Amino acid sequence: MILSLFFMSLTFRCEFTIFIRYFLLIVDFGNHIGFIGTSRLPYCSNFALVISEYFKRMKSKTILSAALVIGGLTARSQDMNNMNKNTSLAPVEKLELTQEWDKVFPKSDKVDHSKVVFVNRYGVTLAADMYKPKGVSGKLPAIAVSGPFGAVKEQSSGLYAQELAGRGFLTIAFDPSFTGESGGMPRRVASPDINVEDFSAAVDYLVNRDDVDSEKVGILGICGWGGIAIEAAINDPRIKATVASTMYDMTRVNANGYFDSENSAEQRNAKRAAMAAQRSADYRNGMYSRGGGVVDPLPDDAPQFVKDYHAYYKTPRGYHVRSGNSNDGWNVTSNLPFLNFKFFEYADELENAVLIVHGDKAHSYYFGKDTFAMLKGDNKQMLTVKGASHCDLYDRLDIIPMDEIAAFYTEYLSK
């Protein structure tokens, strides 16, 4: 296009000078007669004479060149105005990131901490805390961490990330789309598809860092994000090793209820109807209704696992101002897609390594055992922590088998 313009300019030089001369005369004439009413006709007529005189002086090949270039410019202009022609990544949103240490766990002197951002395939900018072992150079194995479901990176995921960084890994703990410090609207909405994508977006970011060995990247999910991590690993072979700690299958629990106690078409349809009605109400009201975080105050007849959640999310042990579980929870309609989406349909096709860590006293233990049974290969492991409840594996460093988790990554990220 540039060369065409250059050669055309050489051909047009003399003719264009003549054209400008005639055009300025007509503009001056137009200034005297105005542009309204019947005065438009003589102006247009004289302008037509200028065009006619100009093109009489142009050689036929010049006219052809002009037509081709103008046609090219028109096509280029149409392309530029068609946003569907844009194949670039979504721009990274400028996020408001807290710079002071505001985690629910103490800062380690064994690692360096910083904030980073990256964008996922749906255009949502994700915020993460990066932890890097002090005094280490060169390319490192890397791990992306998220969870629990409804939590933020300042809670359990950040603790896991910091502990693993202290054992030699570059780690990031990220807030999922629409939550915490990450971007996206509306706020506090979950999606089985987008949340799986969040893990792969973290991998996109890590494999392109100069200080990361792109062939040695793993992920770790806690609670509901344990199941999401395994689902991500099924679809993304760049993830060489996956750990699911105290995992949930969020599709199963939403569709079937706890312990599969609501596993019938009638009960699922009742849930769908309730959430469909909520959608109508949300749209009418112009805002989303929140489901509420962990119940507070606790009812007298609360199950033990609800008491355990309260002990973490609603007390200084784990409370955080940006955490949905600590405050007003997810949008009510967030559960809707999980009713219509089923994790682990292709679990037996997952070739890379998986470690499921679960406490045998956890109400969620059945999720871990049943998911493990779907996996194939001798690089799949299940580690049962005797006596541990679901929330013990959130932050109890005396119970979480962190050394065994690190050894698993060391083994399988080196292959």
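That block above? That's the structure.
Residues numbered from 1 in each chain as written. Predicted model: local features only at pLDDT ≥ 70, side-chain atom pairs only at ≥ 80, totals over all residues. Heavy atoms only, no water.

**Some remarks on the nonpolar core**
Phase 1 of the analysis: Counting 91 residues, the largest nonpolar core has Ile172, Leu220, Ile405 and Tyr409 as the members making the most contacts within it.
Phase 2 of the analysis: Here this core gets nine residues from one element, more than from any other, and that element is helix 5 (residues 192-207).
Phase 3 of the analysis: What Ile172 contacts, discounting residues up to four positions off in sequence, is Val116, Phe118, Ala128, Asp129, Met130, Ile143, Ala144, Val145, Ala161, Ala202, Tyr205 and Leu206. (Core = buried A, V, L, I, M, F, W, Y, C linked by side-chain atoms within 4.5 Å. Buried < 20%, exposed > 50% of the residue type's maximum accessible area, 1.4 Å probe, protein only. Helix = DSSP H or I, 4+ residues; strand = E, 2+ residues; numbered from the N terminus. Contact = heavy atoms within 4.5 Å.)

**Topic: the sheet that holds strand 3 (residues 140-146)**
Phase 1 of the analysis: Pairing in this open sheet of eight strands is mixed, and the strands run 1-2-4-3-5-6-7-8 from one edge to the other. Bordering the open sheet on either side are strand 1 (111-119) and strand 8 (380-385), each of which pairs with just one other strand. In this sheet, neighbouring strand axes are inclined to one another by 20° on average, regardless of whether the strands run parallel or antiparallel.
Phase 2 of the analysis: Bridge analysis of strand 7 (residues 353-359) against strand 8 gives six bridges, and the strand direction is parallel. (Pairing = 2+ DSSP bridges. Axes fitted to C-alpha atoms, helices over the stretch in contact; angles between N-to-C directions.)

**Quick word on the packing of helix 5 against helix 6 (residues 224-235)**
Phase 1 of the analysis: In contact at an axis separation of 9 Å, helix 5 and helix 6 are set at 70° when each is read in the N-to-C sense. When the axis of helix 5 is compared with that of helix 6, the two are roughly perpendicular. Along this stretch, helix 5 crosses helix 6, giving a crossing that reads as right-handed. Note on element contacts: helix 6 touches helix 5 through Trp225, Ile228, Ala229, Glu231 and Ala232, opposite Asn195, Val196, Asp198 and Phe199. (Parallel < 35°, antiparallel > 145°, perpendicular 65-115°, else oblique. Left-handed = near helix turned anticlockwise from the far one by under 90°.)

**Thoughts on the pattern of salt bridges**
Phase 1 of the analysis: Scanning the entire structure with this criterion turns up 30 salt bridges.
Phase 2 of the analysis: Here Arg322 makes a salt bridge to Glu181, at a shortest N to O gap of 3.9 Å. Pair noted here: Arg322 is in the loop between helix 9 (304-313) and strand 7 and Glu181 is in the loop between strand 4 (170-174) and helix 5, with a separation of 141 residues, a long-range link. No difference in accessibility class separates Arg322 from Glu181, as the two residues are buried.
Phase 3 of the analysis: A salt bridge links Arg317 to Asp395, with the shortest nitrogen-to-oxygen separation between them at 2.8 Å. Residue Arg317 is found in the loop between helix 9 and strand 7, and its partner Asp395 is found in helix 11 (residues 392-395); the two are separated by 78 residues along the sequence. (Salt bridge = Lys/Arg side-chain N within 4 Å of Asp/Glu carboxyl O.)

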